[in-house]
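One-letter residues, chain by chain:
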Amino acid sequence: MKFINQQLIKDTNMKHLYTSIYHNPGISRAHLSKQTALSKTTVSTLIDELIERNFILDGGAGESGTTGRKPNQLYIRRNSHFVVVFNWYENRIYTHLVDIAGTSVFQEACELKQGEAYVSASRNCFQNSVLQHCAPDEILGICVVIAAMIDEKHGEIYSTTISLPSMEGSQILDSLKEAFPDYPVDLRISAKEWIDGGIDLNEVLIFLKQAEPYLDMVNVSAGQDMDKQGNIHMATSTLEPHGVNRQLARAIKQTLTIPVAVVGAILTPQEAAAVIEEQDADLVVLGRALLADEDWIHKAEAGRDADIVPCLRCGSCMHWTTDRRDHGCSVNPAYMNGSWMSSECLPVKIRKQVVVIGGGPAGMKAALTADRRGHQGTLLEQNSSLGGALTIFNQEPHKLDLRRYRDYLIEQIAKSGVNVRLNTKATPELVKNLNPDHLILALGGKWAIPPIPGIERGLTPAQAYTAGIPIGESVMILGGGAIGCELALRAAEAGCPVMLIEQGSQLHRKENQLVGLALDEHLKQWD
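Criteria and cut-off values
Residues numbered from 1 in each chain as written. Predicted model: local features only at pLDDT ≥ 70, side-chain atom pairs only at ≥ 80, totals over all residues. Heavy atoms only, no water. Helix = DSSP H or I, 4+ residues; strand = E, 2+ residues; numbered from the N terminus. Buried < 20%, exposed > 50% of the residue type's maximum accessible area, 1.4 Å probe, protein only. Areas by Shrake-Rupley, 256 points an atom, 1.4 Å probe, with all protein chains shown as cover. Polar contact = N/O pair within 3.5 Å; in protein donor to acceptor, adjacent residues only side chain to side chain. Contact = heavy atoms within 4.5 Å. Core = buried A, V, L, I, M, F, W, Y, C linked by side-chain atoms within 4.5 Å. Arc of directions from axis to C-beta. Disulfide = S-S within 2.5 Å. Pairing = 2+ DSSP bridges. Axes fitted to C-alpha atoms, helices over the stretch in contact; angles between N-to-C directions. Salt bridge = Lys/Arg side-chain N within 4 Å of Asp/Glu carboxyl O. Phe/Tyr/Trp six-rings, centres within 6.5 Å; stacked < 30°, edge-to-face > 60°. Parallel < 35°, antiparallel > 145°, perpendicular 65-115°, else oblique. Nonpolar A, V, L, I, M, F, W, Y, C, P; charged D, E, K, R; others polar. Left-handed = near helix turned anticlockwise from the far one by under 90°.

Student: How should I be thinking about the overall build of the protein chain in this particular structure?
Tutor: Scanning the protein chain from terminus to terminus reveals 17 helices and 18 strands. Residues counted as buried form 45% of the 527 residues belonging to the protein chain. By element, 51% of the accessible surface of the protein chain is carried by carbon and sulfur atoms, the whole surface being about 27,400 Å².

Shown next, in the form of structure tokens:
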């Protein structure tokens, strides 16, 4: 839900102003001009248009430590557009009114009366409660969540609309269309749940053909949100190919006459275009790609594909994968940290000399950030190319997303003002001569080699990735962390008998659950 209005703001500068106001509520036009490097006249003109279009509001004169006219404070107009969310549980409906910042501004729980239908109860709540808090033209859409239909008394999960008690799926859709005639009906459906006893594509095709008269569009996904094994196919890991649901969407599109949308590891503008050009679907839905880069759409529209920050499909953006302990994004640190970290690189008042030692992903990102904020950056790398540890994955089929991120960083460095020195070992004398105000060490790490006699005849993971594993030869891997498991899978896929040894009681114990479950599923195929 975050930044939903940004998709309605096409002008790039206007969008940046909107984002800055979101992160800095109460900011003045003068401060916006300093942050964005736009002239005061440009800022004023764009802000007036944003106010006229009801995206932001002028909160009036704020506090100021100077004499004279007080600067006006600008705020996101959070109460300008909403999405209504109905969560259907057994004999209960939870209603939320969500604003453009993703905040639930109104919520209500409604117990269903004996024999009362879910749709009519939702309609009553919409009429009697929701419309008391906003006008009909302020509602962008209505979301009915049925996938988590839970019978709390018996602990049973109704995983699909077909299984809803006393009501067939097509009846629900018919009733929804009648109850909310001003809103098109878009059904998000899992075309294959990937769990034992779950629905498959043939069942979905039968259901959708029956439901088609009551739908305006179908949104195709896969997996199952209430089961972790199914969840790894809803939001896939790097072990799965890009565009993983395209064939499912194609089968549905060939069956129906209404538009079909598809989601699932479609990460680049080229991939999105191919989906439509090859008639697998009519629309493409993006999820995690927009968390990695909220400007994805605007950059694609401007033909700046190389500037899009790639999503790694690491899974850290989903709370369940880390038990909420490390919820965030590996390539967008502002995600989930917006209260204290801006997604914009704010310009500095004093330009300083920043020297970064190490040309891996951390070093490149540090140098880029310094450069974009206005510092003079120098990047020292002792090897002949940038990339650091990511250079070992050139031939690894399951590391495509990491390679894309490495290449993205190298491209951005080439476009920046960072002074890159390759084949340069950082010595005290060299660093002293550069006279940095700040020194950043991004040196990476070294492989931990256990003191086992004869281990020097073995390979480190880096050597195994770069030199390759001889096809057909038996392989023993010491260490069952994520890297050990990935190497075991790589060797098995190459036709090698594999023995994986781990001294602990659990494989990949430091990895998040998405990656761990995906590794288990793929390794099991080679038992």
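Student: Help me out: how do you make sense of the side chain of S190 in this one?
Tutor: Along the chain, the position of S190 falls in strand β9 (residues 186-190). At a separation of 3.2 Å, a polar atom in the side chain of S190 contacts the main-chain carbonyl oxygen of K192. Within the structure, S190 has its side chain in polar contact with the backbone oxygen of G223 (distance 2.7 Å). In this structure, S190 is in contact with I199, V204, S221, A222 and G223, ignoring residues within four places of it in sequence.

Student: How do you make sense of the nonpolar core when you look at a structure like this?
Tutor: In globular proteins that are soluble, nonpolar side chains generally tend to be buried together. The biggest cluster of nonpolar side chains holds 27 residues, and the ones touching the most others in it are M318 and V475. Counting residues per element, the ones that place at least two in this core are α15 (461-467), β17 (475-478), α16 (482-493) and α17 (513-524). Discounting residues that sit within four places of it in the chain, V475 has contacts with I469, A491, C496, P497, V498 and M499. In this structure, V204, L205, I258 and V262 belong to the second largest nonpolar core, which totals 26 residues.

Student: Quick question: what am I supposed to make of unusual backbone geometry here?
Tutor: Negative phi is the rule for most residues except glycine; trans is the rule for most peptide bonds. You will see that W194, though not glycine, has its phi angle at about 60 degrees, which is positive. Checked against the element boundaries, W194 lands in the loop between β9 and α6 (201-211). Overall, W194 belongs to the partly exposed group, its relative accessible area being 39%.

Student: Explain helix α4 (residues 118-128) here, please?
Tutor: Think of an α-helix as turning once every 3.6 residues; residues three or four places apart then point the same way. Among all positions in α4, only Y118, V119, A121, S122, C125 and F126 are buried. Viewed end-on, α4 has its buried residues packed into an arc of 165 degrees, placing them on one side of the element.

Student: How do you make sense of the state of the cysteines when you look at a structure like this?
Tutor: Each disulfide is one covalent bond, formed between the sulfur atoms of two cysteines. The full count for this structure, using the stated rule, is zero disulfides. Just so you know, C329 is unpaired, no disulfide at all, and the nearest cysteine sulfur is the one on C314, 6.3 Å from it.

Student: Is there a simple way to explain the sheet that holds strand β6 (residues 139-145) in this structure?
Tutor: Two strands in a sheet stick together by hydrogen bonds in their backbones, pointing the same way (parallel) or opposite ways (antiparallel). What the four strands build is an open sheet, ordered β5-β4-β3-β6; its pairing is mixed. At either end of the open sheet lies a strand with only one pairing partner, and these are β5 (104-111) and β6. On average, each strand axis in the sheet is inclined to that of its neighbour by 15 degrees, with strand direction left out of account. This element, α4, spans β3 (82-89), β4 (92-99), β5 and β6 of the sheet and lies at about 145 degrees to β3.

Student: Just to check I follow, could you spell out the pattern of salt bridges for this structure?
Tutor: Where charged atoms from two side chains of opposite charge approach closely, those side chains can pair. A complete count under the given rule lists 19 salt bridges for this structure. Residue R29 is joined to D58 by a salt bridge in which the shortest nitrogen-to-oxygen separation is 4.0 Å. Within this pair, whereas R29 is found in helix α2 (residues 29-36), its partner D58 is found in strand β1 (residues 56-61), the two being separated by 29 residues in sequence. Relative accessible area serves as the criterion here: at 23%, R29 is assigned to the partly exposed category. Each of R246, R250, E278 and D280 takes part in one network of salt bridges that share partners.

Student: Got a minute to help me understand the packing of aromatic side chains in this structure?
Tutor: Where two aromatic rings form a pair, the distance of their centres and the angle of their planes describe that pair. Enumeration over the complete set of coordinates arrives at six aromatic pairs. With a centroid separation of 5.1 Å and an interplanar angle of 25 degrees, the aromatic rings of W88 and Y118 are classed as stacked. In this pair, W88 is assigned in strand β3 and Y118 in helix α4, connecting sequence segments 30 residues apart. Judged by relative accessible area, Y118 falls into the buried class, the value being 10%.

Student: Explain the packing of helix α1 (residues 12-23) against helix α3 (residues 40-52) to me, please; I cannot follow it from the model alone.
Tutor: To characterise two packed helices, one gives the angle between the axes of the helices and the distance between these axes. Relative orientation of the contacting elements α1 and α3 amounts to 75 degrees, with a least axis distance of 10 Å. Considered as vectors, α1 and α3 are oriented roughly perpendicular to each other. For the pair α1 and α3, contact is made by N13, M14, L17, Y18 and I21 and by V43, L46, I47, E49 and L50, respectively. Each residue belonging to the contact of α1 with α3 can be placed in one class, and the counts come to eight nonpolar, one polar and one charged.

Student: It is not clear to me how the packing of helix α12 (residues 361-372) against helix α13 (residues 400-415) should be interpreted in this structure. Could you clarify?
Tutor: The contact between α12 and α13 brings their axes to 10 Å, and the two run at 35 degrees. In the crossing of α12 with α13, the sense of the turn from one axis to the other is left-handed. Of the residues in α13, those in contact with P361, M364, K365, A367, L368 and R372 of α12 are Y405, R406, Y408, L409, I410, Q412 and I413. In terms of residue class, the contact of α12 with α13 is built from nine nonpolar, one polar and three charged.

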